[in-house]
Amino acid sequence: MGAILQSLSRTIIAGIVVLVVLVLIVGQATGAWINFGSHAWWAFFMRWLHVLSGVMWIGLLWYFNFVQTPSMPKIPNEQKPAISKVIAPEALFWFRWSALSTIVTGLILASMNMYLVQAMSLQRPFTAIGIGMWLGLVMAFNVWFIIWPNQKKALGMVQVSAEEKAAAAKKAGMTSRLNTLLSIPMLYCMVAQQNGGL
């Protein structure tokens, strides 16, 4: 087990294997097998990918806002490069791509379930998820077009003056905080659609 858990890729593969084994056990025990030819199963599968992507995205957003940013002033200056040169760039890679994956899988799911236009135009009965989708789109825009370009400057990936670096760090931080604020109603709206509405 230790050899599996010491590698992220082996851990992910093992998680998928455990999932397949569970599906087979439940299928054998209940006689209810997955129907890969059904629209319902593929819509469920896309929802699962959407949730996985969203957990990664919002998990990293909250990590930045609840853990990394508040902890930076407590870290001695000589240790800060470990965060800014190693951890933050890697976290930002997964952050922005999970944001894109969340948006893409969500739009595909809404299209598969035939409510994309109604949700995007906030028509009933898709108002709640429509608001959630618009909030998610704003947040993803912020990730790719405000946070990421400014973080590249703040982390020294793009060379700028010290003043520009400080301004970029502040702008990225405030936009990340805005996304944290928006994540609360966004998540509520996403869950509310299937559980009683707004």
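Definitions and cut-offs
Residues numbered from 1 in each chain as written. Predicted model: local features only at pLDDT ≥ 70, side-chain atom pairs only at ≥ 80, totals over all residues. Heavy atoms only, no water. Core = buried A, V, L, I, M, F, W, Y, C linked by side-chain atoms within 4.5 Å. Buried < 20%, exposed > 50% of the residue type's maximum accessible area, 1.4 Å probe, protein only. Helix = DSSP H or I, 4+ residues; strand = E, 2+ residues; numbered from the N terminus. Contact = heavy atoms within 4.5 Å. Phe/Tyr/Trp six-rings, centres within 6.5 Å; stacked < 30°, edge-to-face > 60°.

K.L.:
Residue-level account of the nonpolar core, with values.
P.N.:
Trp57, Ile58, Leu92, Phe95, Met139 and Val143 are the most contacted members of the largest nonpolar core, which has 20 residues in total. Residue assignment for this core shows that the elements contributing at least two residues are helix 3 (39-71), helix 4 (80-112), helix 6 (127-154) and helix 7 (162-192). Sequence-distant contacts of methionine 139, that is, excluding residues within four places in its chain, are made with Trp57, Ile58, Leu61, Asn179, Leu182, Ser183 and Met186. Of all hydrophobic cores here, the second largest spans eight residues; its members include Ala110, Tyr115, Ala119 and Ile129.

K.L.:
Hey, could you go over the environment of tryptophan 97 for me, with residue numbers and the actual values?
P.N.:
With respect to the helices, strands and loops of the structure, tryptophan 97 is situated in helix 4. Using a relative accessible area of 40% as the deciding quantity, one classes tryptophan 97 as partly exposed. Along the backbone, tryptophan 97 and valine 117 are 20 residues apart, and their C-alpha atoms lie at a distance of 25 Å.

K.L.:
I'd like a description of the environment of leucine 92, backed by residues and values.
P.N.:
Following the sequence through the fold, leucine 92 ends up in helix 4. The spatial distance from the C-alpha of leucine 92 to the C-alpha of alanine 3 is 27 Å, given a sequence separation of 89 residues.

K.L.:
Could you give me a rundown of the packing of aromatic side chains, with the residues and numbers involved?
P.N.:
Evaluation of the coordinates by the stated rule reveals 12 aromatic pairs. Summarising the aromatic geometry, the rings of tryptophan 41 and tryptophan 42 are spaced 4.7 Å apart at their centres and angled 85 degrees between planes, so their arrangement reads as edge-to-face. On the basis of relative accessibility, which here comes to 15%, the residue tryptophan 41 falls in the buried class. Look at tryptophan 42 and you get partly exposed, because its relative accessible area is 38%. With 5.0 Å between their ring centres and 40 degrees between their planes, phenylalanine 141 and phenylalanine 145 make a pair best called tilted.

On their own, these measurements won't tell you what the molecule is for.
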